[in-house]
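Take a look at the letters that make up each chain.
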Amino acid sequence: MVRLITHNLLACHAKGCTTNNYPLKFSNVKLALREADFNPDFLRGFLPRIEWDALVQASRERCSTTDLLKQLHHVLLETHIDEGSMTCPNCGHVYPISNGIPNMLLAEHEIG
Amino acid sequence: MPPRQYLVVFAQTHEDFRVPELRSVAELYGFPLTIPHDFDKSRPFGVLALDQEEHARFLARRCILIKAVYEFYASGRSYEELHEQNRSSRNLWEKYIPETSFKFVVNGYNHSISKARQREVIEDFSYMGFMGKIDLVSPEITMGYFEEYRDRDIHGTTSQKHEGAAVFREAFFGRLLEQGSARSLIKMFDVKKRQYFGNTSMEAEISLLMANQTLASPGKLIYDPFIGTGSLAYTTAHFGAFVFGSDIDGRQMRGKETKPGILRAATQYGVRERILDLCTFDITRNPWRCGGLFDCDHHRSSVVPPIRLPHRNPARKRHHTGICDQLRHPFAREDQPYLPPTKPYELSALAADLVVLARYLLNPGGRLVFFLPTVIDEYKELDLDSMLCDGMEVVRELAAGFRCLITIRKSTSVAYPPPTFDPQVAHGGSGSSGIDHDGEDASPASPVHAHVPAHRDFREKYFQGFKPKKPSSEEFDT
């Protein structure tokens, strides 16, 4: 549900929070691994968009197989966060994750 | 190899979508397609010239509106004309003479031809001299003969047993190449049989037609920022694309059970793994880390996302209040105690903002596909200019009912900043709003401002029953 590919694309967007607002930190997470179809073309297309530091931080080098794309596939598409929250490293805003759907809505006073 | 002609038999619905769909599928598979000048989209039969047989098969497999594709042998306004042409196409069918098993099918458009008359028609083709076995169950080739009538009175009737030759507008003859296989998807995606749907779910056929406009195919990444109950996610994912969805109202995506409704329906269709993720947020306050995200396919440099304007429910055209007031579900969830207040969002401003947003989020060559609710009688192509911005070009637009399906392509590789969604800017002008986003366009805008797009203030027009506005000063008050 929240896969690491999504986590890699989301930044804190609260009012005035423009620096150091990425990557969001996971906490209290319930992790799940679910197999997914391997699609090398999709991954190749996505490579230039990945923020590597964020990905490494999030995945803590979980896997050690040889093929880079396979590893990426596993990390990006098969690692799901079902429950927990994501916290902005800058402003501390907490985005809760429930049943795999992160709630990125901001309250009125947080809209910039 | 010179182009061959193929007879396309269309389903009898959504005739406005026929040509746009043919064009999209041709673009998806990367082959040239010329629609002949005399192509009449209101007729159920069309003859297309294609370079390769394979291209005709691609059309049959992907076009929702195609019932079957035939290798074209002859057409005529009379039996004589048809048979004469068929004799001159001998080189196309003579290879089937010696020993190919075959069957003949005789069809009338919106009219049944009696068995006795069918046999007569078939016997008229005896000069072809097929020597092979007649096999009605599994023939090697199927020959199709179609009559199209001008007289609407005979529609829905069956011809009498001894009624002779019919007066028809045109008759067509050819060899069956492939039955359209995409049409059965309409049944498969039937909303009534879906595990999860809502009052905003889109009917299966339209969601499939829209999926074809997005050129959904394996490896592409599609984003639906108004995913709702996921109608578009299932069809685009079925064609192999990855889909990311977001909505301001998480309850729409979740439904009542623990497992989100969209994922339940996606599991039913076997596309669960291609729904990348779902997210709750307001698209005008989005958390995307950067632009240029949605694209993917390097081979066919085209792509992407149906940013969908909900088309049925005018209340949803407001920014958000509309949704909340309207869908006060009995199952608001604990994790979303906060429902953001919302503001009305004038439709032409929303449309213009979406185009700017798409320019930010799309990769070069990516596509924006959406339904624009509008007043069709007043609709003009000029309306689109009011929402376009630099670097975005209209691929095609077609008006159908109270809405217009618009496909826009990102034609620039320049990276643009994200849109501001500033209501002051959006509502500042007296006319079209999108222009105001680009400073350089704003100054010479007076002639553009003179044109008020038909979809402007659609909500108000809708509730007033589309009565023509009295020439009053109220336009200048806003």
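Relevant structure appears above.
What this report covers is the structure whose coordinates are included nearby. (Residues numbered from 1 in each chain as written. Chains lettered and ligands numbered in written order. Predicted model: local features only at pLDDT ≥ 70, side-chain atom pairs only at ≥ 80, totals over all residues. Heavy atoms only, no water.)

### A few points about the overall build of chain B
Regarding its fold elements, chain B presents 18 helices and 14 strands. Of the roughly 20400 Å² of accessible surface on chain B, a fraction of 51% belongs to carbon and sulfur atoms. (Helix = DSSP H or I, 4+ residues; strand = E, 2+ residues; numbered from the N terminus. Areas by Shrake-Rupley, 256 points an atom, 1.4 Å probe, with all protein chains shown as cover.)

### A closer look at the packing of helix α1 (residues 18–29) of chain B against helix α7 (residues 204–213) of chain B
Residue and element names in this part refer to chain B. Across the interface, α1 lies against α7 with an axial gap of 8 Å and an inter-helix angle of 45 degrees. With respect to α7, the axis of α1 lies oblique. Of the residues in α7, those in contact with Pro20, Glu21, Ser24 and Val25 of α1 are Leu209, Asn212 and Gln213. In the contact of α1 with α7, the residues fall into 3 nonpolar, 3 polar and 1 charged. (Axes fitted to C-alpha atoms, helices over the stretch in contact; angles between N-to-C directions. Parallel < 35°, antiparallel > 145°, perpendicular 65-115°, else oblique. Contact = heavy atoms within 4.5 Å. Nonpolar A, V, L, I, M, F, W, Y, C, P; charged D, E, K, R; others polar.)

### A short note on α1(B)
All names here are of chain B. Here α1 is 12 residues long and its end C-alpha atoms lie 17 Å apart, about the 16 Å a rise of 1.5 Å per residue gives. Here α1 lies mainly inside the structure; 9 of its 12 residues are buried. Looking at α1, one finds that the buried residues are Arg18, Val19, Pro20, Glu21, Leu22, Ser24, Val25, Ala26 and Leu28. (Expected span 1.5 Å × (residues − 1). Buried < 20%, exposed > 50% of the residue type's maximum accessible area, 1.4 Å probe, protein only.)

### Considerations on the pairing of strand β8 (residues 170–179) of chain B
All names here are of chain B. Among the 10 residues that make up β8, 9 are buried, leaving the element largely enclosed by the rest of the structure. Bridge analysis of strand β6 (residues 141–148) against β8 gives 6 bridges, and the strand direction is antiparallel. Bridge assignment links phenylalanine 146 to a residue of β8, and that residue is phenylalanine 172. (Pairing = 2+ DSSP bridges.)

### Structural notes on the sheet that holds strand β11 (residues 275–280) of chain B
Sheets are built from strands that pair by backbone hydrogen bonding, the pairs being arranged parallel or antiparallel. All names here are of chain B. The strand order across the open sheet built from 3 strands is β9-β10-β11, with neighbouring strands paired in parallel fashion. At either margin of the open sheet sits one strand with a lone partner, and together these are β9 (221–224) and β11. This sheet shows a mean twist of 15 degrees between the axes of neighbouring strands, independent of strand direction.

### Section: the pattern of salt bridges
All names here are of chain B. This structure, assessed with the given rule, holds 21 salt bridges over all chains. A salt bridge links glutamate 178 to arginine 57, with the shortest nitrogen-to-oxygen separation between them at 2.7 Å. Of this pair, glutamate 178 sits in strand β8 while arginine 57 sits in helix α2 (residues 53–62), and the two are 121 residues apart along the sequence. Between arginine 409 and glutamate 393 there is a salt bridge, and its shortest N-O distance comes to 3.2 Å. Remark: glutamate 393 occurs in strand β13 (residues 392–400) and arginine 409 occurs in strand β14 (residues 403–410); sequence separation between them is 16 residues. A single salt-bridge network, built from bridges that share partners, covers Asp40, Arg43, Glu148, Arg169 and Glu170. (Salt bridge = Lys/Arg side-chain N within 4 Å of Asp/Glu carboxyl O.)

### Quick notes on the packing of aromatic side chains
Using the criterion set out here, one finds 27 aromatic pairs over all chains in the structure. Between B:Phe45 and B:Tyr109, the ring centres sit 6.2 Å apart and the planes meet at 75 degrees, which makes this aromatic pair edge-to-face. Separated by 64 residues along the polypeptide, B:Phe45 in strand β2 (residues 45–50) and B:Tyr109 in the loop between β4 (102–108) and β5 (111–112) bring together distant segments of the chain. Ring centres of B:Trp288 and B:Phe294 lie 5.3 Å apart, and the angle between their planes is 80 degrees; on these two criteria the pair is classed as edge-to-face. Here B:Trp288 matches B:Phe294 in class, with each residue buried. Above the face of the A:Phe38 ring, A:Lys70 is positioned so that its terminal group lies 4.8 Å from the ring centre. Positioned over the ring face of B:Tyr127 is B:Arg87, at 4.0 Å from the centre of the ring. (Phe/Tyr/Trp six-rings, centres within 6.5 Å; stacked < 30°, edge-to-face > 60°. Lys NZ or Arg CZ within 6 Å of the ring centre and 35° of its normal.)

### Remarks on the side chain of A:Arg3
With respect to the helices and strands, A:Arg3 occurs in strand β1 (residues 2–3). Setting aside chain neighbours within four positions, we find A:Arg3 in contact with A:Ala36, A:Leu76, A:Leu77, A:Thr79, A:His80, B:Arg272, B:Glu273, B:Ile275, B:Leu276 and B:Asp277.

### Focus on the sheet that holds β2(B)
Residues and elements named next belong to chain B. Taken in spatial order, the 6 strands make up an open sheet running β2-β1-β3-β8-β6-β4, and their pairing is mixed. Lying at the two open borders of the sheet, with one neighbouring strand each, are β2 and β4. Across this sheet, the average inter-strand angle for adjacent strands is 35 degrees, counted without regard to direction.

### Some details on the nonpolar core
All names here are of chain B. Trp288 and Met387 are the most contacted members of the largest nonpolar core, which has 68 residues in total. Tallying contributions element by element places helix α12 (residues 347–361) first for this core, with 12 residues. Core analysis: the next-biggest nonpolar cluster, separate from the first, contains 39 residues, Ala182, Leu208, Met210 and Phe371 among them. (Core = buried A, V, L, I, M, F, W, Y, C linked by side-chain atoms within 4.5 Å.)

### A closer look at the packing of α1(B) against α2(B)
All names here are of chain B. The interhelical angle for the contact between α1 and α2, taken along N-to-C directions, is 120 degrees, at an axis separation of 10 Å. As the angle between them shows, α1 and α2 are arranged oblique. Regarding α1 and α2, the two cross each other, and that crossing is right-handed. Each of Glu21, Leu22, Val25, Leu28 and Tyr29 in α1 lies in contact with α2, whose residues at this interface are Phe58, Leu59 and Arg62. Residues that form the contact of α1 with α2 fall into these classes: 6 nonpolar, no polar and 2 charged. (Left-handed = near helix turned anticlockwise from the far one by under 90°.)

### A closer look at the state of the cysteines
Using the criterion set out here, one finds 0 disulfides over all chains in the structure. Here A:Cys12 is not cross-linked by a disulfide; its sulfur's nearest cysteine counterpart is in A:Cys91, at 3.6 Å. (Disulfide = S-S within 2.5 Å.)

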